[in-house]
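These are the residues of each chain, in order.
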Amino acid sequence: MKTKSLLFVLFVMLVVLFSGCDLFSGKPGTVEIAVKLADGTPVKNIELSLREKDKIIDEGGTNEKGLLKLSAKAGKYQLIGSIVTETHEILINEEVVIEKNKTVNKLVTVQNLGKLSINVKDKLNGPLSGAEVTIKDSNKAAVTKVTATTDQVEALLKPGTYYIDVKKDDVTLEDHEVTLTSALVTVNITLDIYPTYNLALNKDYRMLKPAEGGYPDTEKELTNGVVGAASFGNAEWVGTLGGEERLQVIVVDLDKEYLVTKATVVGLKDGTAGIDLPLGITVAISSDGVNWTPLEKQTYELPPEEPKQVVRTHEQKVGDNARFVAYKFDQSTNWLFLGEIEVYGTQHTATDVPGDLATIDLAEIF
Ligand SMILES: [Ca+2]
């Protein structure tokens, strides 16, 4: 019995010793992986996994700096991943040795890969967002086509010759040639477009029918650059009544004549208060406040499934010179709630022209 007990104790001690050893060697170590181009440019959003034979031990994607930390117990592993570009696919298969309780560094330098960074600029060298950018290969066949949300487009591609087309509105620049090396190559492309600004901001305007007392226009609220929340109770809304004709006319004075690109107006629907958006909006432009050019009326069907309270922006393309911009509203309800009028145009086209907002007959414009 005594010997058996001793053997048992010895067995337990051995188990504890071995499991302790195993526990110790099993303490994880970390590898910090850096994925870079040949010139040191980080490569982001690359999915990598740490594998032991075919088993994935840890995985993740590289961050903005091209870095990724993966953990495993001490040992040798394969680092597996792939970079899929519009032109080719590069496989990553590297050996990584992880040491217990340590962080080791692993640099993965990707060969045969370049990063093209395209910056789109306006004629005054400012950032121009929203352009359609097409990257074409050396045979001028499209490789990728994107509409940029900002002024920048980035693409990972095989080194070589590329041609870039950039299009915004009706302005196009074609076949801008670029040689991409195994590096970050930045290209600035300038489109023949002037930047536009809200020329109506803080400008004077007049309304055919004045704001109602409960929803007043205290401080030129239609050009103050602020739009209220989707509720008639918000003080930013200017409320007017349409009267028998259910009609309102508003004229804004830009002070000078400009090339106007578009005119917008923000309206409120509040089904809890009998306020709906207009059924029709007509914009007219004038340089002198006497002779007016009406643009085509835009009509709306008001969908019943819309939310009860909603803010909508009406937009009218213009593309002509004007100092005065008039809006006519065909009201669906007697109440009309407006939040902001914006008139976009180019600053460099400013021209002094005679005209007087105070003498315009608003009832005679349309
Ligand atoms: Ca406003």
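Residues numbered from 1 in each chain as written. Predicted model: local features only at pLDDT ≥ 70, side-chain atom pairs only at ≥ 80, totals over all residues.

A.B. asks: Account for the overall build of the protein, with residues named and values stated.
C.D. replies: A tally of regular secondary structure across the protein gives one helix and 23 strands. For the C-alpha atoms alone, the extent of the protein along its principal axes is close to 115 × 60 × 30 Å. For the protein, with 366 residues in total, the buried portion stands at 28%. Of the contacts made within the protein by residues no fewer than 6 positions apart, 70% connect residues no fewer than 24 positions apart. (Helix = DSSP H or I, 4+ residues; strand = E, 2+ residues; numbered from the N terminus. Buried ≥ 20, exposed ≤ 12 C-beta atoms within 10 Å, placed from the backbone. Contact = placed C-beta atoms within 7 Å.)

A.B. asks: Tell me about the sheet that holds strand S6 (residues 89-98), and name the residues and values.
C.D. replies: Here we have four strands laid out as an open sheet, ordered S3-S2-S5-S6, and antiparallel in their pairing. Here the strands that pair on one side only, and so sit at the sheet edges, are strand S3 (55-61) and S6. Each neighbouring strand pair of the sheet contributes to a mean axis angle of 20°, computed without reference to strand direction. Strand direction decides the pairing type here: strand S5 (residues 75-84) and S6, joined by ten bridges, are antiparallel. Bridge pairing links Gln78 to Glu95 in S6. (Pairing = 2+ DSSP bridges. Axes fitted to C-alpha atoms, helices over the stretch in contact; angles between N-to-C directions.)

A.B. asks: How would you explain the sheet that holds strand S9 (residues 132-136) if you had to name every residue and give the values?
C.D. replies: The strand order S10-S9-S12-S13 describes an open sheet built from four strands, whose pairing is antiparallel. With one partner strand each, in any of the chains shown, strand S10 (142-147) and strand S13 (171-180) form the two edges of the open sheet. Strand-to-strand twist in this sheet, taken as the mean axis angle between neighbours without regard to direction, amounts to 15°. In terms of strand pairing, S9 meets strand S12 (residues 160-168) through five bridges, oriented antiparallel. Within S12, the position partnered with Lys136 by the bridge is Tyr163.

A.B. asks: If you had to explain the domain arrangement of the protein to someone new, which residues and values would you point to?
C.D. replies: Domains assigned within the protein are domain 1 (27-110), domain 2 (114-193) and domain 3 (198-364). The C-alpha centroid of domain 3 is placed 57 Å from the C-alpha centroid of domain 1. (Domains from an automatic or database assignment.)

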